[in-house]
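This is what each chain is made of:
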Amino acid sequence: MGRLGEGQQAQMERLTKSNEERLERLRVTVDEKLNRIEAHNEKKLEEMRLTVDEKLSQTLNRRLGESFNLVSERLEQVNRGLGEMQGLSTNLTDIKKIFSNVKSRGVWGEVQLGSILEQILTAEQYDTNVATVPRSNDKVEFALRLPGRDAEGSIVYLPIDAKFPSEDYQRLLVAQEVGDAVAVEAARKALQLRLKNEAKMIRDKYINPPVTTEYAIMFLPTEGLFAEALRLPDFMEYAQSQCQIMVAGPTNLAALLNSIRLGFRTLAIQEKSGEIKKLLGVIKRDMGKFADVVEKAQKKLGEADNALSEAAKRTGTITKRLRNIEELPESEEIQLLPFDEETESE
């Protein structure tokens, strides 16, 4: 038993050593495999890192380029906008210089008034630079040609004059912008006084019945100025009752002209209706004469028909009487009718 135990122990030792050697070889093999896998993974990771870095770099460069181009475009647009603002500022300065001249303001208001009249009315419905008062050098800018009250086709003018008191209006706007109530009140009083004087001037210079209507129109070329005129305490009532002046801005002047144009059309229709009525009267008279002629013609036709009937009756009677008469020989007929030969020879 002792020798068998020693043999088993030796065998166990050999198995143990063999297992240890196998485990060592397995460990070495596993280590080599792991080292190769690790090296391979590191290589792949490095390749992936390089690829990712390249993609990121390309994307970043592209995005930065696009952003730079976008910023450049925006800056260019801002630059152009600044240039346009400078040009606009220059234009506004020029406009301010123009409107600082009273004559230039008057011309601008007159041009705008002429443009509105040209768009709505025909050239035959208004005149320019009309002297409504005899032996006067004052001429109203525009005057509408309205039909007179007589039957001779006379013309009555409706004067229209453009006014643009920009200094007083500008002072009012500046005072409103800064919120100075005292300056606003003073500017409104000055504007009201100026507009009242203009209304009185139009009345004295251009209203001259019966050459003109009993009222005229003051045209204010901006809606803002017209709105301020409406806000003035007693200007509109003064203009209408004391000066016989209708105050109009661009919008309500256009509406007024459209109403007048409809009046012109109605008048034209009435004139045409009168002409048609006269023409129908002439036609009615001619139709009566024509009826008389037709009646006479019917009477003549009746007489002719009666005459023909009477001739037919007489022809029948003669024919009946001639039936009993014998026919003559040809020789006797020739002797009785010698004129036939002469007629034939002729």
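Structure shown above.
Residues numbered from 1 in each chain as written. Predicted model: local features only at pLDDT ≥ 70, side-chain atom pairs only at ≥ 80, totals over all residues. Heavy atoms only, no water.

Peer 1: What should I look at first to understand a nonpolar patch on the surface in this one?
Peer 2: Together, Leu23, Leu26, Val30, Leu34 and Ile37 give the surface a local cluster of nonpolar side chains, amounting to about 460 Å² of exposed area. For Leu34, the location among the structural elements is in helix H1 (residues 2-99). Using a relative accessible area of 48% as the deciding quantity, one classes Leu34 as partly exposed. (Patch = residues over 30% accessible without salt bridge, like charges linked within 9 Å, V, L, I, M, F, W, Y side chains within 5 Å. Areas by Shrake-Rupley, 256 points an atom, 1.4 Å probe, with all protein chains shown as cover. Salt bridge = Lys/Arg side-chain N within 4 Å of Asp/Glu carboxyl O. Helix = DSSP H or I, 4+ residues; strand = E, 2+ residues; numbered from the N terminus. Buried < 20%, exposed > 50% of the residue type's maximum accessible area, 1.4 Å probe, protein only.)

Peer 1: Where do I start with the packing of helix H3 (residues 166-178) against helix H5 (residues 223-231) in this structure?
Peer 2: When two helices pack together, their arrangement is given by the angle between the helix axes and by the axis-to-axis distance. Taken N-terminus to C-terminus, the directions of H3 and H5 make an angle of 80 degrees; their axes are 11 Å apart at the nearest point. The angle between the axes of H3 and H5 places the two elements in the roughly perpendicular class. In this structure, H3 uses Tyr169, Leu172 and Gln176 to contact H5, whose residues at the interface are Gly224, Leu225 and Glu228. (Axes fitted to C-alpha atoms, helices over the stretch in contact; angles between N-to-C directions. Parallel < 35°, antiparallel > 145°, perpendicular 65-115°, else oblique. Contact = heavy atoms within 4.5 Å.)

Peer 1: Where do I start with the environment of Leu144 in this structure?
Peer 2: Among the secondary structure elements, Leu144 is positioned in strand S2 (residues 140-147). The spacing of Leu144 and Thr128 is 16 residues in sequence and 8.9 Å in space, taken between C-alpha atoms. If we ignore the near neighbours within four places in the chain, the residues touching Leu144 are Leu117, Leu121, Gln125, Tyr126, Val156, Tyr157, Leu158, Ile160, Leu257 and Ile260.

Peer 1: Even after reading the chapter, I still don't get the nonpolar core, so can you show me in this structure?
Peer 2: Note on soluble globular proteins: their nonpolar side chains tend to be buried together. In this structure, Leu195, Ile202, Met218, Leu220, Phe235, Ile245 and Val247 are the most contacted members of the largest nonpolar core, which totals 30 residues. When residues of this core are traced back to their parent elements, those giving at least two are S2, H3, helix H4 (181-206), strand S4 (216-219), H5, helix H6 (235-242) and strand S5 (245-248). Sorting elements by how many residues they give to this core places H4 first, with eight residues. With near-sequence residues (within four places) excluded, Ile245 lies in contact with Ala199, Ile202, Arg203, Ile207, Ala216, Met218, Ala239 and Gln240. In terms of nonpolar packing, the next biggest core, distinct from the first, is built from 18 residues, Tyr126, Ile160, Ala162 and Ile217 among them. (Core = buried A, V, L, I, M, F, W, Y, C linked by side-chain atoms within 4.5 Å.)

Peer 1: I tried to follow the sheet that holds S5 on my own but got confused; where do I start?
Peer 2: Strand pairing in a sheet takes place through backbone hydrogen bonds and is either antiparallel or parallel in direction. In space, the five strands of this open sheet follow the order S1-S2-S3-S4-S5, with mixed pairing throughout. In the strand order of this sheet, the two ends are held by strand S1 (126-130) and S5, each with one partner. Recorded for the sheet is a direction-independent mean angle of 30 degrees between the axes of neighbouring strands. Where S4 lies against S5, four bridges are found, and the strand directions are parallel. The partner of Phe219 across the bridge, within S5, is Ala248. Here H6 sits on the sheet in contact with S4 and S5, set at roughly 140 degrees to S5. (Pairing = 2+ DSSP bridges.)

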